Each structure stands twice: as C-alpha cells, then as structure tokens.
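Chain by chain, the residues:
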Amino acid sequence: MRLAIHNGPMAIDGGIVEGRAVIVEQGRIAAIVDAADLPGDIPRHDLDGLMLAPGFIDTQVNGGGGVLFNDAPTVETIATIAAAHRRFGTTGLFPTLISDDLAVVRAGVAAVDAAILAGVPGILGIHIEGPFLNAERRGIHDAARLRELDEDGMATVTGLRHGRTLLTLAPEMTTSRMIARLAAAGIVVAAGHTAATYAEARQALDHGLTGFTHLFNAMSQLGNREPGVVGAALEDDASWCCMIVDGHHVAPATLKLALRCKAAAKFVLVTDAMPSVGTDVGSFVLQGKVITVDGDVCVDADGTLAGAHLNMAAAVRNAVRLLSLPPVTALEMASTNPAAYMGLSATRGRIATGLQADLVALDPSLQVVGSWIGGDYASSAR
C-alpha cells in the first residue's frame, strides 16, 4: 500500500520545511518529494496544516493506561502501556522495570520478546532500571530488592533476543569488567541511582557506559572539588543525558545550564511515566506504597517522587516553554536523539528515505492529533 502525507510543514534534518510530501510504502518512507510532483493516483493523507514530525521514542516508561509493568510483566500489560502513550505521539518505547527480584526481570524480558514477536506496535526493547543500584540514591526504589550484579544477574539482563536492552546501574556497585561485558553483549549501559565519584563515573565511561538516566536526579551532584556523576556526564561529549522535563524533577535553570555544557543533540527527553498517564486516576500502588498523583506529580506518603505523570508530547512542550528551546530541537530530543542513543538511527528517529514510517502529526501548540507506526495511522482523539 502506498500513501502520500502532504499539506503541512515537516520537521526534516533539523529544520521545518514546507511544500514537501512523504510517500509511505510497505511501512517505510519510500520518498520525500515536492508536493507539486505527487502522482495523481496515489492515496493521500491531508495534514491540513498540521506539522509532521518523527514519532517520539521514550526510553523510560514504567506504566500507562492504568497498569504498571512491574505488577504484571506480560504482553497484555505492554500493549496497554503502548496504546496509552501512542495517544501522545510515542511511536516507540522501552517498557521499564524498576528494581525487582530477578524472577520479575526475567518475566519482563520474556514479555518484551513475546510482544515484539507478536507485533505489538511500538515496542523497541526493554529498560531494566536496577536492581544493581546504590541504596544511598535509591529514590523510590525498594532497598530490599537491590543487589550486586553477579553472573545470575548478567544472564538475566542479557536475555532479550529481540529489540534493544537498556540497563541502568550504579557504576560503583559493580566493576569495570562487568560494564565492559555488558557493552560487549550489546547492552546500552547507563548510570543512575548512583553515588559514584567523578573518577568512578569516568572509569565506567571508559569501559562502555554511554548514558545517564534522569540527569541530576538520584546521582552525585556537581561540586567544587568533586564533580560527581553530574560533572562526568556534562564533561563527556560522547555520552547521552536523559532528562525528565516536568518542572518538578529538576529546576529549569539547572537544565538550561546543562544544555550549555554539551550539544543539545546529546540530550534525550524521557517521561519516567507511571500508570496514571492516559487515565484520570488519582493514585496507584507501587511495590506496596500508595502513590498519589497531585497534578502532574507522583509522590509517596513521604513526598518522594515516584516517576512522573508525564507524556512525551508534554515533555516536548515543556522543553520549549521551560528551557526556551526551538520546537525542532525539542522534537529531536524526543525522536532523533533517543534513536541514536539506542543505536536505532538506521531504522527510525527521522523523516528520511528508507526509515520506518513512525510519524506524528502535531497542531501549532504541539498537541498530538495522530500518529503512524510502520505507516499505520491512529487518531489521538479519545
């Protein structure tokens, strides 16, 4: 089936272009042409002035649609989460497990494998956030579930057979050799929930660590004599910094300063989304704790942040509003950059010939009207 998407501005190669049409064939972008040159017999989707952008890719999605991945690591849970986030322009995501027993992690890995084989739209892999974390910086993670990365853990986190695996760990809770083994196995290794020194973070970077999970949150901070994990992240030009831009996890001024330290192309928007996204629920249970949704904030009884009530379209709008970023830069931080971070640039993350037709249509206020995954369209209307 061929389809031409036309009659709207398009976010292509770091700019907004007019007068183009995207031709989709067999789920991929077959060509980008001048709209005036479209064949008369090709079926068309008229954007009617909406902006076409690459579909959003979220590397940290704990839940959505009223369900939490940890609670029921099944294909059905994954499909519910993906459907909830698709309404907000997320066409690719990594269901995320927070620290849990290895049996739960194994079940999650198996579920993601099965979901990919079953063709659940938008599933690109898994994010395993813990349990190899530092209890001093655990945040909402259950200290009783934290553990060292041993051979059993190594076998568990390297078990995915389809898609990509992102693993968040505390570098100081393992060894450089283990990090190198993970990287050699194709795992994308990120630092998070860590009290590592600058030297420890730097050593991890030298052995295969490539990213930092929710920059500034749950990690050693930048100091005058000890740069910490934040200092290592901002100094290193090659690594990726993931940010929760909701106005609560990190002060906007702090994120603006971070963006002055390294190229915007190395920053990735994430939601850290909880089950409340896509619903009107006022609370949910996370590993035995009641989490209250207060506006767009999720907190436990002690006021500890527990993920976020955030979707990717809102994160993009926040990046524009709170960080004064150009819309095209914010859009790339939600699509092009996470694709590159996860090693997926050859197949998605941009509007370019040959890539999968994962696309989103946005109104002038950057609200999502509809999306395509592999060329299949779905409206975002309830």
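Residues numbered from 1 in each chain as written. Predicted model: local features only at pLDDT ≥ 70, side-chain atom pairs only at ≥ 80, totals over all residues. Heavy atoms only, no water.

**Student:** Sorry, what's going on with the overall build of the chain here?
**Tutor:** When you go through the chain residue by residue, the secondary structure sums to 10 helices and 23 strands. The C-alpha atoms of the chain give 20 Å as radius of gyration, which agrees with the globular expectation for 382 residues (21 Å, within 12%). With respect to the principal axes defined by its C-alpha atoms, the chain has extents near 65 × 45 × 40 Å. Of the contacts made within the chain by residues no fewer than 6 positions apart, 68% connect residues no fewer than 24 positions apart. Put simply, the chain shows about 14,400 Å² of open surface, and 51% of that area lies on carbon and sulfur atoms. Positive and negative side-chain charges in the chain, numbering 27 and 39 respectively, have mean positions lying 3 Å apart. (Helix = DSSP H or I, 4+ residues; strand = E, 2+ residues; numbered from the N terminus. Rg over C-alpha atoms; globule rule 2.2 N^0.38 Å. Contact = heavy atoms within 4.5 Å. Areas by Shrake-Rupley, 256 points an atom, 1.4 Å probe, with all protein chains shown as cover. Lys, Arg positive; Asp, Glu negative; His and termini not counted. Charge placed at Lys NZ, Arg CZ, Asp CG, Glu CD.)

**Student:** For this particular structure, what's the right way to read the sheet that holds strand β5 (residues 28–34)?
**Tutor:** Pairing in this open sheet of 4 strands is mixed, and the strands run β5-β4-β1-β6 from one edge to the other. Among the strands making up the open sheet, the edge pair consists of β5 and β6 (44–46). Here the strands of the sheet are splayed against their neighbours by 25° on average, with no regard to which way each runs. Pairing between strand β4 (residues 20–25) and β5: 6 bridges, direction antiparallel. Bridging across to β5, V22 finds its partner in I32. (Pairing = 2+ DSSP bridges. Axes fitted to C-alpha atoms, helices over the stretch in contact; angles between N-to-C directions.)

**Student:** What am I meant to see in the pairing of strand β12 (residues 125–129) here?
**Tutor:** Strand residues, when the strand is regular, have side chains that alternate between the two faces of the sheet. β12 sits mainly inside the fold: 5 of its 5 residues count as buried. Both faces of β12 are covered, namely the face carrying G125, H127 and E129 and the face carrying I126 and I128. Relative to β12, strand β11 (residues 90–98) is paired through 3 bridges, and the arrangement is parallel. The residue bridging L97 from the neighbouring strand is I128, located in β12. Of the crossover connections in this fold, the one passing from β11 over helix α2 (residues 102–117) to the parallel β12 is right-handed. Pairing analysis gives 5 bridges linking β12 to strand β13 (residues 164–169), with the strands arranged parallel. Its bridge partner being in β13, I126 is matched across the sheet by T165. (Buried < 20%, exposed > 50% of the residue type's maximum accessible area, 1.4 Å probe, protein only. Right-handed = clockwise from strand over helix to strand, strands pointing away.)

**Student:** Before we go on, may I ask you to explain helix α6 (residues 228–235) in this structure?
**Tutor:** Working note: α-helix, 3.6 residues per turn, so residues spaced by three or four point in the same direction. Across the 8 residues that make up α6, a large majority, 7, are buried. Buried residues along α6 sit in contact with α5 (198–206), β15 (209–212), β16 (240–243), α7 (252–259) and β17 (267–269).

**Student:** Whenever I open this one, the sheet that holds strand β19 (residues 289–294) confuses me. Can you help?
**Tutor:** Pairing between sheet strands relies on hydrogen bonds along the backbone, with the strands arranged either parallel or antiparallel. Pairing is antiparallel across the open sheet formed by 3 strands, whose spatial order is β18-β19-β20. In the strand order of this sheet, the two ends are held by β18 (283–286) and β20 (297–299), each with one partner. Put simply, the sheet's adjacent strands are angled 30° from each other on average, direction ignored. Relative to β19, β18 runs antiparallel, the two sharing 4 bridges.

**Student:** What should I look at first to understand helix α4 (residues 176–184) in this one?
**Tutor:** Taken as a whole, α4 has its buried residues at S176, M178, I179 and L182. Here the buried residues of α4 occupy an arc of 160° about the axis, which is enough to place them on one side. When the buried face of α4 is taken as reference, the exposed residues oriented beyond 90 degrees from it are R177 and A184. Buried positions along α4 lie against α3 (151–157), β13, β14 (188–191), α5 and β15. (Arc of directions from axis to C-beta.)

**Student:** Sorry if this is basic, but what is going on with the environment of A233 here?
**Tutor:** On the secondary structure map, A233 appears in helix α6. We classify A233 as buried; its relative accessible area is 0%. Between the C-alpha atoms of A233 and A201, which are 32 residues apart in sequence, the distance is 8.2 Å. Once residues lying within four places of it in the same chain are set aside, the contact partners of A233 are F212, L215, S239, C241 and K262.

**Student:** Would you explain the nonpolar core in this entry?
**Tutor:** Here is a general trend for soluble globular proteins: nonpolar side chains tend to be buried in one another's company. With 95 residues, the main nonpolar core has F56 and L269 as its most contacted residues. Tallying contributions element by element places helix α8 (residues 312–323) first for this core, with 8 residues. With 15 residues, the next largest nonpolar core counts M10, I12, V22 and W372 among its residues. (Core = buried A, V, L, I, M, F, W, Y, C linked by side-chain atoms within 4.5 Å.)

**Student:** Where do I start with the packing of aromatic side chains in this structure?
**Tutor:** In this description, a pair of aromatic rings is defined by centroid distance and the angle of the planes. Following the criterion strictly, the structure yields 2 aromatic pairs and no others. Here W372 and Y377 contribute two aromatic rings whose centre-to-centre distance is 4.8 Å and whose plane-to-plane angle is 55°, an arrangement assigned as tilted. For W372, a relative accessible area of 1% translates into the label buried. When its relative accessible area of 36% is taken as the criterion, Y377 is described as partly exposed. For K266, the ring lying beneath its charged end belongs to W240, and the centroid distance is 3.5 Å. (Phe/Tyr/Trp six-rings, centres within 6.5 Å; stacked < 30°, edge-to-face > 60°. Lys NZ or Arg CZ within 6 Å of the ring centre and 35° of its normal.)

**Student:** Could you clarify how one ought to interpret the pattern of salt bridges in this entry?
**Tutor:** When their charged atoms lie close together, side chains carrying opposite charge are able to pair. For the structure on display, the rule yields 11 salt bridges. The salt bridge partner of E25 is R2, with a shortest N-O separation of 3.6 Å. With a gap of 23 residues between them, E25 in strand β4 and R2 in strand β1 (residues 2–6) connect regions that are remote in the sequence. With a relative accessible area of 34%, E25 lands in the partly exposed category. The shortest N-O distance in the salt bridge between R106 and D152 comes to 3.6 Å. Separated by 46 residues along the polypeptide, R106 in helix α2 and D152 in helix α3 bring together distant segments of the chain. Accessibility expressed as a relative area gives 40% for R106, which makes it partly exposed. (Salt bridge = Lys/Arg side-chain N within 4 Å of Asp/Glu carboxyl O.)

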